[in-house]
Amino acid sequence: MLDLVIDSEKCTRCEQCVRDCPLNVLVMDQGVPYVGEDKAEKCIECQHCLAVCPTAALGIFGLKPADSLPVDGHFPEPGQMETLIKGRRSIRRFKREPVDPATIEKLLRIATHAPTGVNARKVLFTVVEDQQTMEQVKAATMEGVRKMVEEERLPKGKEFYGGILRAWDKGADILFRKAPHLLIVSVDAKAPTPTADGFIAMTTFEMMAATMGLGTLWDGLAKWAMVDMNPGLGARLGIPESHEIVYVMLFGNPAVNYHRTVQRDADLKVNRVVWDKG
């Protein structure tokens with residue numbers, strides 16, 4: 001139920017909410033916005049109408065504009081954003097202590113604001129916070145790898161996992177880097193854009209984590225081991241069978257500090273398209 005609420009004293013009849021509605025759910029009637037006849041089911045719950053109202057006169061879904069964060073003057077400066085993008089690093093050395101649960105909860109709540117195709121919002125964040133569970137997940141993953149190695153069933157091109165297993169047996173944690181936490185993002189495979197949704201959500205999580213002083217690692221090695229070599233592990237982790245597991249990320253307090261950005265301007269590859277106007 002949309003539960004559209006308009007504060008008539010605050011509403012200036014500017015029609016911004018109507019003009020910005022992606023599917024034309026809202027219309028004007030006698031100078032006041034309302035839900036058009038037989039249009040409520042078209043709403044994708046994007047909340048554009050709540051966000052675009054300049055006078056905070058509109059509420060929807062029981063949400064009040066006063067509970068939203070103000071945008072004007074609160075975005076990072078371009079220079080700060082540039083430093084964040086250029087300065088984030090893949091962390092492979094983590095401190096042992098776990099991250100405060102409240103910080104993880106805040107990170108997840110922020111990451112759920114990442115855009116999804118048609119605002120489907122079918123992203124599931126599977127998080128390993130408990131340290132004992134983390135060790136059990138690592139052990140279960142490596143046992144799956146061990147079975148593949150012993151049965152000579154490693155996928156073509158993944159034969160190097162034999163070396164990863166030997167290193168594990170000697171105490172080296174190549175897959176998980178002794179990180180205290182693990183994040184797996186999966187998306188309902190029936191969502192319009194499951195793969196893109198998952199990567200966007202993880203990128204949002206990573207960038208916000210960097211602002212909090214946390215380190216992250218996009219862990220393709222763990223993803224292959226946990227998904228491709230351990231097909232039953234997802235179910236043990238509580239991930240629905242109907243979900244596409246998009247990727248795996250390690251995170252925690254970094255045990256290394258970086259003091260400057262890297263320089264990659266020379267790597268720029270651009271295909272600028274100009275069609276003949278004739």
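As shown above, the structure is provided for reference.
So, how was this worked out
Residues numbered from 1 in each chain as written. Predicted model: local features only at pLDDT ≥ 70, side-chain atom pairs only at ≥ 80, totals over all residues. Heavy atoms only, no water. Buried < 20%, exposed > 50% of the residue type's maximum accessible area, 1.4 Å probe, protein only. Helix = DSSP H or I, 4+ residues; strand = E, 2+ residues; numbered from the N terminus. Contact = heavy atoms within 4.5 Å. Pairing = 2+ DSSP bridges. Axes fitted to C-alpha atoms, helices over the stretch in contact; angles between N-to-C directions. Core = buried A, V, L, I, M, F, W, Y, C linked by side-chain atoms within 4.5 Å.

Visitor: So what's going on with helix α6 (residues 161–169)? Residues and values would help.
Guide: Residues of α6 that are buried: Tyr-161, Gly-162, Ile-164, Leu-165 and Ala-167. Packed against the buried residues of α6 are α5 (131–150) and α8 (220–228). Of the residues one or two after α6, Gly-171 is the one with positive phi, at around 100 degrees.

Visitor: So, the sheet that holds strand β8 (residues 243–252): which residues are in play, and what are the values?
Guide: Sheet strands line up and pair through hydrogen bonds in the backbone, either parallel or antiparallel. A sheet is described by the order of its strands in space; here four strands give the open sequence β5-β6-β8-β7, paired in antiparallel fashion. The sheet is open, and its two edges are formed by β5 (123–128) and β7 (215–218), each paired on a single side. Across the sheet, the mean angle from the axis of one strand to that of its neighbour is 25 degrees, orientation sign disregarded. Across the sheet, helix α7 (residues 194–211) lies against β5, β6 (181–188), β7 and β8, angled at about 10 degrees from β8, the strand it touches most.

Visitor: Any chance you could break down the nonpolar core for me, citing the residues and the numbers?
Guide: Within the largest apolar cluster, 29 residues are counted, with the highest numbers of intra-cluster contacts made by Tyr-161, Leu-175, Phe-176, Leu-182, Ile-184, Met-226 and Leu-250. Secondary-structure elements contributing two or more residues to this core are α5, α6, β6, α8 and β8. For this core, the leading source of residues is α5, giving six residues. Those residues in contact with Leu-175, other than ones at most four positions away along the chain, are Thr-141, Met-142, Tyr-161, Ile-164, Asp-219, Leu-221, Ala-222, Ala-225 and Leu-250. Within the second largest apolar cluster, 16 residues are counted, among which are Leu-108, Ala-111, Val-185 and Met-202.

In short, geometric facts, not functional conclusions.
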